[in-house]
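# Chains, contacts and geometry: an overview
Here is what each chain is made of, one letter per residue.
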Amino acid sequence: NKFSKSISAEEKTDIILSDPKFGMFSLFKYHLRRGYLNKELKKSNTVYCSHIFSLLFALPIIVFISQWVLFISLVLHEINTFDGEYCPNTSSVENKCMMFGTGLIYFVKSFFIWDNLTTRIGLKKMHRVDSVSVILDTFQEFLFNIIVYGANLWIIFSEKDLQNMILNSLAMEFLMILDNEFEEMYFKNLPGAAEDIYDTMYVTYETN
């Protein structure tokens, strides 16, 4: 509690939004344990469908499922349309440049994936790691991003049309941020929920 009082509500929300270990499963777990009490709705005397139906329809879990369903659909489409030649060396110069440039970008981005996890060590309180929901969220945040990077490289390799390369790659990048966007919209309407999560679900570094 002494840590919580020294941090503003906005800072608590930012910490949760930037925490790679807090995702859709942790948010749904919050609804099962505390969110169903609707304390934040009673405080503001306002009804938010995103809060009520997050529990009734498991909206965070639906977001997680939709990410994987769309990802698998895109990958299966690319596999089915692949001509079977792994190194024909017949692509145009611009296609090869697209593959080279994307590979360089993902090479650089890959280092930030690990850094995003290690920067959380300096926080006074953090989401505890001895939970199945946290393990699943961490898996989704890091491994899913790495898989998407690999899939994007495959799409660029297998596609012949430059515009399709760009559009399909953008579609993959969009899938990566669906869960983060849901969190941002949810806490924008209910910032008090972020405070409650930080105060009740987050623990000190020593406890963690």
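Along each chain, residue indices are assigned from 1 in the same order as the chain's sequence is written. Totals for whole chains, interfaces and linings use all residues, but because this is a predicted model, local features are given only for residues with pLDDT of at least 70 and pairs of side-chain atoms are given and counted only at 80 or more. Here the side-chain values reflect all heavy atoms present in the structure, with hydrogen atoms and water set aside.

## Topic: empty space enclosed by the protein
Under the convention used in this document: Computed over the protein atoms alone on a 1 Å grid, cavities are sets of points where a 1.4 Å probe fits but cannot get out and pockets are open sets with protein on both sides within 12 Å along at least five of seven lines; a residue lines them when it has an atom within 4 Å of a point. Grid points are joined across faces, edges and corners, and a volume is the space filled by probe spheres set on the points. Residues are grouped as follows: nonpolar covers Ala, Val, Leu, Ile, Met, Phe, Trp, Tyr, Cys and Pro; charged covers Asp, Glu, Lys and Arg; every other residue, Gly included, is treated as polar.
Evaluation of the coordinates by the stated rule reveals one cavity of 30 Å³ or more. Roughly 60 Å³ of internal volume is contained in the largest cavity. Taken together, Tyr30, Arg34, Gly35, Asn38, Lys39, Glu40, His51 and Asp196 make up the full set of residues lining the largest cavity. Here the residues of the lining of the largest cavity are counted per class, giving one nonpolar, three polar and four charged.

## Overview of the packing of aromatic side chains
Where we set the bar: The criterion for an aromatic pair is that two Phe, Tyr or Trp rings (for Trp, the six-membered ring) have centres within 6.5 Å, with stacked assigned to planes under 30 degrees apart, edge-to-face to planes over 60 apart and tilted to the rest. What counts as a helix is a DSSP run of H or I of at least four residues, what counts as a strand is a run of E of at least two, and both are numbered from the N terminus. Each residue is assigned to one of three classes by its accessible area relative to the maximum for its type, calculated with a 1.4 Å probe on protein chains only: buried under 20%, partly exposed between the two thresholds, exposed over 50%.
In the structure shown here, the tally under the stated rule is 14 aromatic pairs. With 6.4 Å between their ring centres and 40° between their planes, Phe22 and Phe187 make a pair best called tilted. Taken together, the positions of Phe22 in the loop between helix H2 (9–18) and helix H3 (24–33) and Phe187 in helix H10 (residues 178–189) put the pair 165 residues apart, joining distant regions of the chain. Classification of Phe22 by relative accessible area gives buried; the value is 2%.

## As for H10
Threshold: Under the convention used throughout, the expected extent of a helix is 1.5 Å for every residue step, that is, one less than its residue count. To obtain the arc, one takes the directions from the helix axis to the C-beta atoms.
When the terminal C-alpha atoms of H10 are compared, their 17 Å separation across twelve residues agrees well with the 16 Å that a helix rising 1.5 Å per residue should span. Regarding H10, the residues found buried are Leu178, Asp179, Phe182, Glu183, Tyr186 and Phe187. Here the buried residues of H10 occupy an arc of 155° about the axis, which is enough to place them on one side. Residues of H10 that are exposed and point more than 90 degrees away from the buried face comprise Met185 and Lys188.

## Notes on the layout of surface pockets
Quantified by volume, the largest pocket comes out at close to 270 Å³. Those elements that provide at least two residues to the lining of the largest pocket are helix H7 (93–118) and helix H8 (132–158). If you add up the space inside the second largest pocket, you get close to 180 Å³. Residue lining of the second largest pocket: 18 residues in total, with Leu17, Asp19, Glu141, Asn180 and Glu183 positioned closest to the centre. Tallying contributions element by element places H10 first for the lining of the second largest pocket, with four residues.

## Focus: the pattern of salt bridges
In plain terms, the rule: Just to be clear on terms, a salt bridge is a Lys or Arg side-chain nitrogen sitting within 4 Å of an Asp or Glu carboxyl oxygen.
Taken as a whole, this structure holds five salt bridges when the rule is applied. Arg34 serves as the salt-bridge partner of Asp196, at 3.0 Å between the closest nitrogen and oxygen. Here the residue Asp196 occupies a position in helix H11 (residues 191–201), and Arg34 occupies one in the loop between H3 and helix H4 (39–44), the gap between them amounting to 162 residues. Its relative accessible area of 14% is what places Asp196 among the buried residues. Close ionic contact of Asp130 with Arg128 constitutes a salt bridge, the shortest N to O distance being 2.9 Å.

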